[in-house]
Amino acid sequence: GGGPSGRRRRKMAALIPLGGPQLSTGSPSYETYYKQVDPACVGRIGASDAALFLKKSGLTDAVLGKIWDLADPEGKGFLDKQGFFIALRLVACAQSGHDVSLGNLNLALPPPKFHDSPSPLQISSSSDAHWAVRMEEKAKFDGIFESLLPVNGLLSGDKVKPVLMNSKLPLDILGMVWDLSDIDKDGHLDKDEFAVAMHLVYRALEKEPVPSVLPPSLVPPSKRKKTPAFPGAVPVLPASPPPKDSLRSTPSHGSVNSLNSTGSLSPKHSLKQAQAPAAWVVPITDKARYDEIFLKTDLDLDGFVSGLEVKDIFMHSGLSQKLLAHIWALADTRQMGKLNKEQFALAMFLIQQKVSKGIDPPQVLLPEMVPPSERTTSVQVSCPALLYSCSQHLPSPGFLQCW
């Protein structure tokens, strides 16, 4: 390219003739990196020091292992200066999308990048030069971002959630990733915030712990003016109530999100439930137990369970299908054909009452039975006739379609 980066690349290539020990000649960035790992100029870098430094390249362990093998071909367990420079060149190869091989050492490449040690050639350029999300990573993430059809350059939690879930990471980790990447706490991710989220997911898949506070090097340059870059200044609780449509399913379905068993994404959102009206018939201890069953049953993690998903649990109670149909109808207050976590707990409670105490479910939900999150809306919803007409034809499986 003819731009500054192209010029820099040609300059770099000229600065690093390869061949024999003079690999280091005149390359300021390589010298700087070397001083970081061998400050006393001992002339050798132990495996653990080298590994710690190279890990900051953001490359996978597999790639770094290959780089190490090429840089320490005799398996000495340490690198001399020459070996370290070869490792740096190979990191630069990998970061630029080239194969890690000694044959590529002569390529003209920009210097390698490492987290929290901005490339020395870039320090002077501008305050936002260094971002831990690498360019080629960012290009990949931008592609995913566009494919999710952002609205006004933003993706809602509902659109991001399936991508996060796809990683198969534990839900509490994904909750932390969302909280860290939604830097302006608006319940949506812009392109840069989405890149941060994906970067954190990939790091977590490499078994790196998710940080509790976003490190300054990960804050997107576009957000640095507005965001305090030091941990002490990051507010622990958002000033405004959590947005309706971040990763939790929207409250309009009365659903408390399925992302983790406390029913909220992160500790700061769980305050919401503590303030729910106290007088709900489902005891707190039972609710916790039902929530666990719900999480195991909600296989597609959409925050709802379908009739098909709960059929076995309900039938296990030994109650008649007609009675179970009635309980389902009472719990499915909005006739959506599926239950959220609270509605499921209510259904389980009604089944439990009948099984253990012989108490029949009411014809219509009593006010204290209505799930707390739905109490602002219409309280009593009579059972849909559909379920009755359909549960008359027992034991035909048609009944299950109502579920």
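Residues numbered from 1 in each chain as written. Predicted model: local features only at pLDDT ≥ 70, side-chain atom pairs only at ≥ 80, totals over all residues. Heavy atoms only, no water.

Caption draft 1: Structural view of the overall build of the chain. On a plain count of helices and strands, the chain comes out with 16 helices and six strands. Relative to its full complement of 403 residues, the chain shows a buried share of 45%. In the chain, of all internal contacts separated by at least 6 residues, the share reaching a separation of at least 24 is 64%. Surface accessibility of the chain: about 19400 Å² in total, with carbon and sulfur atoms responsible for 62%. (Helix = DSSP H or I, 4+ residues; strand = E, 2+ residues; numbered from the N terminus. Buried < 20%, exposed > 50% of the residue type's maximum accessible area, 1.4 Å probe, protein only. Contact = heavy atoms within 4.5 Å. Areas by Shrake-Rupley, 256 points an atom, 1.4 Å probe, with all protein chains shown as cover.)

Caption draft 2: Region of interest: empty space enclosed by the protein. Scanning all chains against the criterion turns up two cavities of 30 Å³ or more. The computed volume of the second largest cavity comes to approximately 40 Å³. In this structure, the second largest cavity is lined by Lys56, Ser57, Gln95, Lys113, Phe114, His115, His130, Trp131, Ala132 and Arg134. Of the residues belonging to the lining of the second largest cavity, the class tally is three nonpolar, four polar and three charged. (1 Å grid on protein atoms, 1.4 Å probe; cavity = no way out; pocket = protein on both sides within 12 Å on 5 of 7 lines; lining within 4 Å. Points joined across faces, edges and corners; volume = space filled by probe spheres on them. Nonpolar A, V, L, I, M, F, W, Y, C, P; charged D, E, K, R; others polar.)

Caption draft 3: Structural detail: helix H14 (residues 341–357). Compared with the 24 Å implied by 1.5 Å per residue over 17 residues, the 23 Å span of H14 between its first and last C-alpha is a close match. Of all 17 residues that make up H14, twelve are buried, and the element is covered over most of its length. If you check which residues of H14 are buried, you get Lys341, Glu342, Gln343, Phe344, Ala345, Leu346, Ala347, Met348, Phe349, Leu350, Ile351 and Gln353. Summarising the contacts, the buried residues of H14 are in contact with helix H11 (284–297), strand S5 (305–306), helix H12 (307–315), helix H13 (321–331) and strand S6 (338–339). (Expected span 1.5 Å × (residues − 1).)

Caption draft 4: Looking closely at the pattern of salt bridges. Within the structure shown, the criterion is met by 16 salt bridges. For Asp190, the salt bridge goes to Lys223, with nearest N and O atoms at 2.4 Å. Taken together, the positions of Asp190 in the loop between strand S4 (188–189) and helix H9 (191–205) and Lys223 in the loop between H9 and helix H10 (271–274) put the pair 33 residues apart, joining distant regions of the chain. Across this residue pair, the class does not change: Asp190 and Lys223 are buried. With a shortest N-O distance of 2.8 Å, Asp291 and Lys287 are connected by a salt bridge. With Asp291 and Lys287 both in helix H11, this residue pair falls four residues apart, about one helical turn. For Asp291, a relative accessible area of 7% puts it in the buried group. (Salt bridge = Lys/Arg side-chain N within 4 Å of Asp/Glu carboxyl O.)

Caption draft 5: The packing of helix H6 (residues 135–147) against H9, seen in detail. Relative orientation of the contacting elements H6 and H9 amounts to 115°, with a least axis distance of 9 Å. Between H6 and H9, the angle is such that the two are roughly perpendicular. Seen along the crossing, H6 lies across H9 with a hand that is right-handed. From H6, Glu137, Lys138, Lys140, Phe141, Asp142, Ile144, Phe145 and Glu146 reach across to H9, where they touch Lys191, Asp192, Phe194, Ala195, Met198, His199, Tyr202 and Arg203. (Axes fitted to C-alpha atoms, helices over the stretch in contact; angles between N-to-C directions. Parallel < 35°, antiparallel > 145°, perpendicular 65-115°, else oblique. Left-handed = near helix turned anticlockwise from the far one by under 90°.)

Caption draft 6: Expanded view of the packing of aromatic side chains. In total, this model carries twelve aromatic pairs according to the counting rule given. Feature note: the residues Tyr30, Tyr33, Tyr34, Phe53, Phe84, Phe85 and Phe114 constitute an aromatic cluster, connected by ring pairs. When the ring centre of Phe78 is taken as reference, the NZ or CZ atom of Lys76 above it lies at 5.7 Å. The ring centre of Tyr202 lies 4.7 Å from the NZ or CZ of Lys140, which sits over that ring. (Phe/Tyr/Trp six-rings, centres within 6.5 Å; stacked < 30°, edge-to-face > 60°. Lys NZ or Arg CZ within 6 Å of the ring centre and 35° of its normal.)

Caption draft 7: Examining unusual backbone geometry more closely. Look at Cys41: it is not a glycine, yet its phi comes out positive at around 55°. You will see that Asn152, though not glycine, has its phi angle at about 55°, which is positive. With respect to the helices and strands, Asn152 occurs in the loop between H6 and strand S3 (155–156).

Caption draft 8: Quick peek at the environment of Met336. Tracing the chain through its elements places Met336 in the loop between H13 and S6. Here the alpha-carbon distance between Met336 and Phe304, two residues 32 residues apart in the chain, equals 10.0 Å.

Caption draft 9: The confidence of the model for the chain, seen in detail. On average, residues of the chain carry a pLDDT of 74, and 69% of them reach 70 or more. Here helix H15 (residues 385–392) stands out as the least confident element of the chain, with mean pLDDT 39; H14 is the most confident, with 93. Residue range residues 11–22 is modelled with pLDDT below 50. Its contacts to residues more than four positions away, or to other chains, number 21 contacts. Here residues 226–278 scores under 50 on pLDDT; set against residues more than four positions off or in separate chains, the count is 98 contacts. (pLDDT = per-residue confidence, 0-100.)

Caption draft 10: Region of the structure containing the nonpolar core. Counting residues in hydrophobic clusters, the biggest one holds 30 residues, and the most contacted among them are Val160, Val177, Phe194, Leu200, Leu214 and Leu218. Broken down by secondary-structure element, the contributors of at least two residues to this core are H6, helix H7 (157–166), helix H8 (171–181) and H9. Considering each element in turn, this core owes the most residues, eight residues, to H9. If near-sequence neighbours (up to four positions away) are discounted, Leu200 is found in contact with Val177, Leu180, Pro211, Leu214 and Leu218. (Core = buried A, V, L, I, M, F, W, Y, C linked by side-chain atoms within 4.5 Å.)

Caption draft 11: Structural detail: the side chain of Asp332. Along the polypeptide, Asp332 turns up in the loop between H13 and S6. With no salt bridge to any partner, buried Asp332 finds its closest opposite charge in Arg334, at an N-O distance of 8.0 Å. Among the polar contacts made by the side chain of Asp332, one reaches the main-chain amide nitrogen of Met336 at a distance of 2.9 Å. A polar side-chain atom of Asp332 sits 2.8 Å from the main-chain amide nitrogen of Gly337. Those residues in contact with Asp332 that lie beyond four places of it in its chain are Gly337, Lys338 and Leu339. (Lys, Arg positive; Asp, Glu negative; His and termini not counted. Polar contact = N/O pair within 3.5 Å; in protein donor to acceptor, adjacent residues only side chain to side chain.)

Caption draft 12: Main features of the environment of Pro362. Relative to the elements of secondary structure, Pro362 occurs in the loop between H14 and H15. Under the relative-accessibility criterion, Pro362 is labelled buried at 16%. The spatial distance from the C-alpha of Pro362 to the C-alpha of Ile327 is 8.9 Å, given a sequence separation of 35 residues. Residues contacting Pro362, with those up to four places away along its chain left out, are His326, Leu330, Leu350 and Met369.

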